[in-house]
Structures are given as structure tokens and as C-alpha cells.
Amino acid sequence: MVCCYNSIESILCIAAILRYVGLSYSDENSEEYDDHNDINKPLCDYNVEMVWSSECGSGVIAATPLIADINADSKLDVITASFSEEVSVMSGDTGQVLEHSHWPFRFPGATFHASPVLYDIDNDGHDEILLTTSNAEIVFLNSKGYQLHDITLKVGHMIVKKNWFDLDISMNPTNIQNVLYKKEQQNSEKQNEGGINQKSGAVYNGEYVSIDAHILATPVICDLNNDDRREELILPVTYYFDKQDYSLPEKELKNSGFGDLNIADYLSSGIVVFNLATGEIIFETALELTKTSAEFPAYHLFTPTVIDLDGNSGSLEIVVCTSAGHLIVLDSNGKIRPGFPKSFGTIHGQITVENLDGRGGMELVIIDNSGNVMCLNSAGDVVWEAELSGTSSAGSRVVDLNGDGKLDVIVASNDGSLWAFNGDSGAVVEGWPHQLGGRITSNVLITNLQPDVSNIDVIVLGYDGKLYILSSLWQCIQVIDLDEPSLVQVLSADLIDSNSRLELVLATVDGTIICLTVNNDGKVNVITDWRSETPTLNQFTFWNNQFQIVVEEDFKEVTGSTFDISINIEDTRPEQYQWKLYYVTISTGGYQLGDKVNLTSKGVHQLTVPCPHNPLQGIVTVRLTNEFAQEITTTFTARFNMQWQRDVKWLLLLPLASMLMLLLLVFGFPEADLLPRVHSTKDS
């Protein structure tokens with residue numbers, strides 16, 4: 001059972017989560033591991049160097065940082081929300097807090113289970129940092145580290161029958177609506193009728209209970225209804241009563257309107273979707289309802305996956321899992337897709353969705369707490385099943401490990417093992433699994449630390465404080481003892497302008513951010529970024545530069561009402577995985593620059609794009625999607641009509657300067673000084 005209460009120490013909350021998913025926060029009673037259990041594999045000799053190390057608050061980092069250029073200076077930054085109170089933005093090349101800013105920003109009493117995401121909430125062409133606190137408040141910070149106080153959202157309560165557990169109703173997603181307090185009923189009654197406790201919870205007429213909302217996973221921003229406006233915020237919500245807020249003496253509890261209510265009887269989960277452009281709720285859908293003591297309690301601990309499962313270039317589906325063991329697919333209106341939910345054991349990790357077998361449809365990979373790995377088709381039918389040792393708490397990643405032209409699924413388990421399964425059959429890949437040694441609580445990073453494009457590196461920072469690097473090219477492993485345990489995924493990006501290396505960003509339990517680089521003796525790395533835990537709404541596959549979108553020009557100054565851009569869709573993947581259709585959208589902040597463009601071929605394409613309405617220096621995002629809404633992106637910095645703005649300033653100054661020169665020519669310089677003079681005197 002997980003009990004996350006935002007008023008207790010962060011360490012206790014993280015420990016509770018880890019206990020629930022089958023791990024242990026403390027190593028005092030844990031199994032002893034050798035430094036290197038994969039004894040038959042040679043040691044790699046990567047020259048890994050420390051670039052910088054920086055502290056982010058004093059609390060645990062429970063959510064993966066975000067790498068982005070937040071202030072449009074053409075340099076990447078590291079954005080981190082520590083579990084307790086503090087959000088910081090550090091320069092990617094130095095690890096120092098951004099200059100001329102208000103960072104770090106502190107939220108007294110707040111906690112963060114979710115990673116930061118970016119959204120231009122004020123439509124100025126610059127993204128703000130969107131943060132979701134554990135008590136379900138959505139706040140925005142600008143690039144300088146100041147909160148936008150006039151723009152704040154809050155998820156409301158879930159209202160259920162007080163005696164729901166005595167009713168003969170199975171609380172699965174298809175009939176949970178039978179015990180909910182209907183919105184239309186709520187709106188027709190007076191807000192303070194029936195003993196409502198507005199501060200923390202409510203009993204409506206003694207029959208209904210209002211449960212507090214919490215956000216324990218990272219939300220998603222997308223164009224859910226495919227109307228070419230990226231403005232829907234999808235929130236994974238868990239509803240429960242914070243014990244610290246409700247631990248009143250029995251007498252006071254009765255006086256508050258709860259009577260003999262047992263707050264441990266109420267635990268629920270749901271999806272709430274906001275329209276960020278209007279601040280209105282699009283829909284709220286309840287998913288599960290259990291007691292906190294249930295064998296499979298209804299927590300919502302992982303990010304939703306958003307994708308068009310039908311591949312008809314229409315509205316998107318929301319794929320979610322809960323700890324109560326249901327795989328649920330919602331349409332863009334919040335209705336459950338036919339054929340779902342599917343029941344399993346407690347499901348761990350975000351749901352991976354990819355065309356695994358190369359036949360064109362989407363497959364879903366789920367992992368339950370019994371170590372079962374299952375691949376389902378879009379209708380929910382099982383394609384294959386496999387089994388791993390231990391269990392997984394983070395999900396899976398996809399890559400062609402051995403260069404055979406077929407995708408494989410990689411899963412890290414909590415017993416320190418790395419497993420790989422053939423994507424089309426579920427068979428264990430030859431030579432796998434690998435026993436790393438330490439406990440693993442996060443997803444792996446798949447990247448390439450070598451100039452050779454045929455290499456694949458699997459990287460993870462274990463809870464034992466060791467960084468593990470497994471190389472497919474050299475068939476070797478490297479273990480670096482950093483003595484810094486971690487709960488979250490390693491990220492990769494080219495953070496430093498002065499070199500051509502790939503840097504690794506690690507976030508540790510004690511709030512430290514570490515930047516490492518691999519020195520390849522002057523050889524140029526294949527730069528393969530992975531800047532957030534899920535780089536786009538549905539990117540789970542590492543293609544090792546086989547598939548990317550490249551902007552050919554280097555934009556410095558853009559003037560006029562439009563500009564030309566040359567984009568190159570590079571796709572050397574096996575033919576069965578190549579997209580048949582490409583949609584291109586270009587935006588900066590909240591400005592979409594022109595309409596969505598439909599392309600039917602890879603290669604170089606010339607596009608004419610309108611400039612933003614106002615002069616600005618911003619980050620331009622080129623987003624490439626297909627008919628399934630699978631997505632990859634690239635970004636660059638550009639200045640739009642900023643030179644013209646400076647020229648206008650000089651033009652405004654020119655008449656004044658001309659008049660001054662004319663006056664001097666006509667009247668000459670004054671004979672007497674215009675400024676007062678000070679005369680020194682001598683005492684007689």
C-alpha cells in the first residue's frame with residue numbers, strides 16, 4: 001500500500017512507493033550484490049569524465065529532470081523539481097543556476113512526484129514551466145523563475161457514495177459511475193448544504209464523501225482531439241485522504257461533519273483533462289475505486305500514453321494503467337474503448353506502444369508485479385507473453401539490439417537484471433538477460449556513446465549508487481561507482497558547445513544533479529538526445545540516428561512576414577518500420593507557424609512558414625507525426641524581426657539627433673558652459 005502525504009518527510013513517501021512496487025528504500029536488509037555479477041562479459045573501457053555536479057534542494061529527486069533551452073539562448077538547461085519544495089534551473093554546460101534569475105524557486109509545503117513539462121500559457125511565444133504538485137495544483141513559472149500567480153489550476157474532489165464498499169457492485173472502470181455524485185446533481189444543489197467541509201473534504205447530505213485529489217505521475221500535453229491546437233493537459237490523478245490532515249481526535253472528526261467515517265476506505269484514481277487555453281475541464285473520468293488496504297489498491301502512479309491506436313489520423317486515445325491491475329484505453333471524450341479494460345496484476349510503468357512486429361499496427365507492452373511481460377494488439381488481444389525475474393517499476397524501452405532489423409523490448413527489473421525480448425515473438429534475445437548487480441528502480445537509457453553507428457549502449461544508474469554501461473558493439477560492461485543512489489532515469493544531450501560529445505545527466509536520491517561525458521579522443525560522437533523520460537508523448541524507441549528530422553539552415557535573424565525552411569526527413573530504418581505518411585507542424589511557444597503540412601515521402605522538403613506576430617527570440621519546434629500520432633521533434637533558436645525592432649529604435653532617435661545637429665550649426669556652441677562650475681578658493 002502506498003501512502004503519500006505531502007505534509008510528511010519526503011523520505012517516508014518515497015519509501016512507501018518503493019515498498020509498494022516491491023523495492024526497499026533502505027539497503028540495510030537487502031540482498032548483497034557483487035560489484036559485477038555478469039562475470040562472463042569483458043569490461044568496457046569508456047573514458048567517462050565528470051563535467052559538473054550541483055545540488056538541487058535538500059530533498060529526494062523522485063521525478064526525472066527535463067533538459068530544454070528554457071531562456072532561448074541556444075544553450076540547454078536542466079530543469080529539476082526535487083520532491084520537497086524546490087524547483088531549479090541549471091545551465092547545462094556549467095551546472096550553475098541561471099544568471100539574472102530568481103532560481104531556485106521554493107514552494108513552501110509543496111511536494112513533487114511529477115517531472116516539469118513546458119507550455120506557453122500566456123501566448124507570448126516563450127514556453128513556461130508547468131509543474132503539478134502532489135496535492136493536484138498546476139502552477140506556472142517563467143524562465144526567470146517567477147510564478148505566474150494569476151494562472152493557477154486545481155483538480156477538484158471526487159465525490160462517491162459514503163457506503164460504496166457495502167454495495168454489491170464491482171468497482172471496475174465500467175460501472176464505477178454508479179457510485180459517483182453526478183455533476184448535474186451537484187450543480188443543482190446549494191454548495192454549503194448538508195454539512196460540507198470546504199477546506200479538506202465533504203459529506204453531502206450524509207450520503208456522499210468528497211475525496212481529495214493528488215498527482216503522483218507526470219502529465220501529458222497534446223492535441224487530443226486533433227484540431228491542430230496543442231492545448232489539452234492530461235492529468236493522472238489519485239484521490240485519497242491525507243492522514244496528516246485528517247488525524248484529528250474522534251470528537252473533532254465528528255464535529256467536522258465526517259461522523260464515523262474511516263478515511264482509509266476511500267482510494268480512487270482517474271483521468272482529468274484540462275483545456276489550457278481556456279482553463280476549463282474537458283472531462284473527468286473515474287478509473288478505479290478501492291480501499292487503501294486492498295490487495296490491489298487504486299493508485300495512479302505512471303504517465304499516460306497518448307496515441308492514435310487506429311492509425312486513422314483522427315483523435316487520440318489515452319492508454320493508462322493502475323495499480324489495481326487494469327489496462328484502460330479512453331477516447332478523446334473520456335469514454336472507455338470497446339474491448340477494454342483488461343485485467344492483470346498490478347501494472348508497473350508507463351505503457352509502451354510501438355509497431356513491434358513491423359506489420360503496421362500498434363502493439364502495447366505491459367508488465368505486472370508478478371514479472372509477466374505481455375504484448376497486446378490495439379484490440380486488447382494478447383500477442384505474446386514472457387516472464388522476467390523480479391519485477392519492474394518503470395516500464396520498457398524498444399531498440400534493435402543486435403542489428404537484425406527487428407525491434408526488441410528491454411526491461412530492467414528490481415533484482416538488478418536487464419532483460420531483452422524479441423518484439424515479434426517475445427522470445428528472450430540471445431545472450432540475455434544480464435545481471436548488473438544492484439537494484440534498479442528506473443527505466444534504462446538507450447543511447448550510443450561511440451562514433452560507430454552500429455553500437456548500442458544501455459545505461460542505468462542503480463539504487464546501489466553504481467552507473468552501469470552495457471555495450472552491444474564491444475559486448476562488454478562498465479561499472480562506475482558514483483556512490484549516488486538514484487530513483488530516476490539517466491538522460492542524454494549535447495550540453496556543452498565546446499565539444500562534440502554526448503553528456504549524461506543523472507539525478508540522485510540526495511538531490512544532486514551530476515553531468516558526465518565520454519571522451520572519445522577527439523572522435524565525433526553520434527549525438528542522440530533523450531532529454532526527458534518520455535521525449536514526446538509516445539516516444540519509446542531508440543533508432544540510433546536511423547530516423548530523425550533535420551533543419552538544414554542555421555537561423556540567426558529572420559525578418560519579414562514569412563521565412564523559408566528546408567527540412568530533411570532522414571529515415572534509413574528497415575522498410576517495414578518506415579512511416580508511409582508524415583505530418584509536419586512548426587511552432588514557437590504557443591504560436592503555430594502556419595498550417596499542418598502533409599508529406600508523403602522522406603527526404604528534403606522546402607516549406608514557407610509565417611513568422612510570429614510579434615518580434616521575439618524563441619525556440620522553434622519542428623514536430624513530425626504519422627497517422628498513429630507517433631512523434632519525433634527537433635528544435636532550434638531563431639530571432640524573428642528583432643533586427644527590425646532595433647532599427648526602429650534608431651529611426652525614432654534619428655529626428656532628435658538631426659535637430660540637435662541643426663541647432664548647433666545655426667547657433668554654434670554656447671560661449672558659456674551650460675553646466676555649473678566649481679571654483680576653488682584660498683583662505684587668506
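Refer to the structure presented above.
Residues numbered from 1 in each chain as written. Predicted model: local features only at pLDDT ≥ 70, side-chain atom pairs only at ≥ 80, totals over all residues. Heavy atoms only, no water.

1. Describing the overall build of the protein
Rules: The helix count covers DSSP runs of H or I at least four residues long, the strand count covers runs of E at least two residues long, and both are numbered beginning at the N terminus. For each residue, the accessible area found with a 1.4 Å probe, counting protein chains only, is set against the maximum for its type, and the residue is called buried under 20%, exposed over 50%, and partly exposed in between. Only heavy atoms enter the contact rule, under which two residues are in contact if any of them lie within 4.5 Å. Shrake-Rupley sampling with a 1.4 Å probe provides the accessible areas, and residues are treated as covered by the protein chains on show and by no other component.
The number of helices and strands found in the protein is 5 helices and 47 strands. When each of the 684 residues of the protein is scored for burial, the buried share is 57%. Considering only contacts within the protein whose residues lie at least 6 apart along the sequence, 58% involve residues at least 24 apart. Entry remark: accessible area of the protein is about 29100 Å², with carbon and sulfur atoms responsible for 48%.

2. Some details on the packing of aromatic side chains
Spelled out, the test is: Any Phe, Tyr or Trp ring, taking Trp's six-membered ring, that has another such ring centre within 6.5 Å forms a pair; planes under 30 degrees apart are called stacked, those over 60 apart edge-to-face, and the others tilted. The rule for a charge over a ring is simple: NZ of Lys or CZ of Arg within 6 Å of the ring centre, and within 35 degrees of the ring normal.
This model, assessed by the stated rule, comprises 15 aromatic pairs. Summarising the aromatic geometry, the rings of Phe165 and Tyr266 are spaced 6.2 Å apart at their centres and angled 65 degrees between planes, so their arrangement reads as edge-to-face. Taken together, the positions of Phe165 in the loop between strand S10 (158-161) and helix H2 (183-188) and Tyr266 in the loop between helix H4 (250-258) and strand S17 (267-275) put the pair 101 residues apart, joining distant regions of the chain. Judged by its relative accessible area of 29%, Phe165 is partly exposed. One aromatic cluster is present, built from ring pairs that chain together Trp164, Phe165, Phe241 and Tyr266. Lying over the aromatic face of Phe547, Arg573 brings its terminal NZ or CZ to 3.8 Å of the ring centre. The ring centre of Tyr583 lies 5.2 Å from the NZ or CZ of Lys596, which sits over that ring.

3. Looking at the pairing of strand S20 (residues 317-321)
So the rule is basically this: Two strands are said to pair when DSSP picks up at least two bridges between them.
With 5 of its 5 residues buried, S20 lies for the most part within the structure. Of the two faces of S20, both are covered, the one formed by Glu317, Val319 and Cys321 as well as the one formed by Ile318 and Val320. Sheet topology places strand S19 (residues 305-307) next to S20; 3 bridges connect them, and they run antiparallel. Within the sheet, the bridge partner assigned to Thr305 lies in S20 and is Val319. As judged from the 4 bridges shared by S20 and strand S21 (residues 326-330), these two strands associate in the antiparallel manner.

4. Examining the sheet that holds strand S24 (residues 363-368)
The criterion, for reference: Fitted lines through C-alpha atoms serve as axes, helices being fitted only where they are in contact, and the angles separating the N-to-C directions of these axes extend from 0 to 180 degrees.
Taken in spatial order, the 4 strands of this open sheet run S23-S24-S25-S26, and their pairing is antiparallel. Either end of the sheet is taken by a strand with one partner, and the two such strands are strand S23 (347-354) and strand S26 (382-387). Sheet twist, expressed as the average angle between the axes of neighbouring strands with direction ignored, equals 15 degrees. Where S24 meets strand S25 (residues 372-377), 5 bridges bridge the pair, whose relative direction is antiparallel. Each bridged residue has a counterpart across the sheet, and for Ile367 the counterpart in S25 is Val373.

5. Section: the pattern of salt bridges
This is how the line gets drawn: Salt bridge criterion: a side-chain nitrogen from Lys or Arg within 4 Å of a carboxyl oxygen from Asp or Glu.
All chains considered together, the criterion is met by 17 salt bridges. For Asp228, the salt bridge is made with Lys596, and the minimal N-O distance between the two is 3.2 Å. Separated by 368 residues along the polypeptide, Asp228 in the loop between strand S15 (220-222) and strand S16 (232-240) and Lys596 in the loop between strand S43 (591-592) and strand S44 (597-599) bring together distant segments of the chain. Residue classification places Asp228 among the partly exposed residues on the basis of a relative accessible area of 34%. Residue class for Lys596 comes out partly exposed when judged on its relative accessible area of 28%. A salt bridge links Arg623 to Glu631; the nearest nitrogen and oxygen atoms lie 3.4 Å apart. Each member of the pair Arg623 and Glu631 is classed as buried. Residues participating in the shared-partner salt-bridge network are Asp227, Arg229 and Glu231.

6. Remarks on the environment of Trp432
Residue position: Trp432 is located in the loop between strand S29 (417-422) and strand S30 (434-435). Given a relative accessible area of 15%, Trp432 falls into the buried group. Along the sequence, Trp432 and Leu418 sit 14 residues apart, while their C-alpha atoms lie 7.6 Å from each other. Apart from the residues lying within four places of it in its own chain, the contact partners of Trp432 are Leu401, Leu418, Trp419, Ala420, Val458 and Leu470.

7. A look at the sheet that holds strand S36 (residues 503-507)
The strands that make up a sheet are held in pairs by hydrogen bonds between backbone atoms, and each pair lies either parallel or antiparallel. Strands sit in the order S1-S37-S36-S35 across an open sheet of 4 strands; the sheet is antiparallel. Two strands in the sheet have a free side with no partner beyond their single neighbour: strand S1 (47-55) and strand S35 (491-493). Looking at each pair of strands side by side, their axes are set apart by 25 degrees on average, direction ignored. Relative to strand S37 (residues 512-519), S36 runs antiparallel, the two sharing 5 bridges. For Ala507, the partnering residue across the bridge sits in S37 and is Ile513.

8. Remarks on unusual backbone geometry
Note that the residue after Phe340, namely Pro341, is joined by a cis bond; omega there is 5 degrees. Mapped onto the fold, Pro341 is located in the loop between S21 and strand S22 (342-343). Cis geometry marks the peptide bond from Trp432 to Pro433; its omega dihedral reads 5 degrees. Structurally, the position occupied by Pro433 is in the loop between S29 and S30.

9. Things to note about the nonpolar core
Rule in force here: Remark: nonpolar core denotes a set of buried residues (Ala, Val, Leu, Ile, Met, Phe, Trp, Tyr, Cys) joined through side-chain atoms within 4.5 Å.
Among the nonpolar cores identified, the biggest contains 59 residues, and Leu418, Leu467, Leu506 and Ile513 are the most heavily contacted of them. The leading source of residues in this core is S37, at 5 residues. Setting aside residues up to four positions removed in sequence, Leu506 forms contacts with Leu461, Leu467, Leu482, Val490, Thr512, Ile513, Ile514 and Leu516.

10. Looking at the side chain of Asp400
Where we set the bar: Whenever a nitrogen or oxygen atom comes within 3.5 Å of another N or O atom, the pair is scored as a polar contact, on the condition that within protein one atom can donate a hydrogen and the other can accept it, and that pairs from neighbouring residues in sequence are kept only if both atoms are in side chains.
Residue position: Asp400 is located in the loop between strand S27 (397-399) and strand S28 (408-412). A distance of 3.4 Å separates a polar atom in the side chain of Asp400 from the backbone nitrogen of Asp404. Non-local contacts of Asp400, meaning those with residues more than four positions away in its chain, are made with Gly405, Lys406, Leu407, Asp408 and Ile456.

11. Here's the deal with the environment of Gly358
Within the fold, Gly358 resides in the loop between S23 and S24. Exposure remark for Gly358: the relative accessible area of 16% places this residue in the buried category. Along the sequence, Gly358 and Glu575 sit 217 residues apart, while their C-alpha atoms lie 8.6 Å from each other. When near neighbours in sequence (up to four residues on either side) are disregarded, Gly358 contacts Gln576 and Tyr577.

12. Some thoughts on a nonpolar patch on the surface
To keep things clear, this is the line we draw: Exposure above 30% relative accessible area and no salt bridge define the residues that can form patches, which grow by joining like charges within 9 Å and nonpolar side chains of Val, Leu, Ile, Met, Phe, Trp and Tyr within 5 Å.
Residues Met659, Leu662, Leu663, Leu665 and Val666 make up a contiguous nonpolar surface patch of roughly 520 Å² in combined accessible area. Mapped onto the elements of the fold, Leu662 is located in helix H5 (residues 642-667). Judged by relative accessible area, Leu662 falls into the partly exposed class, the value being 47%.

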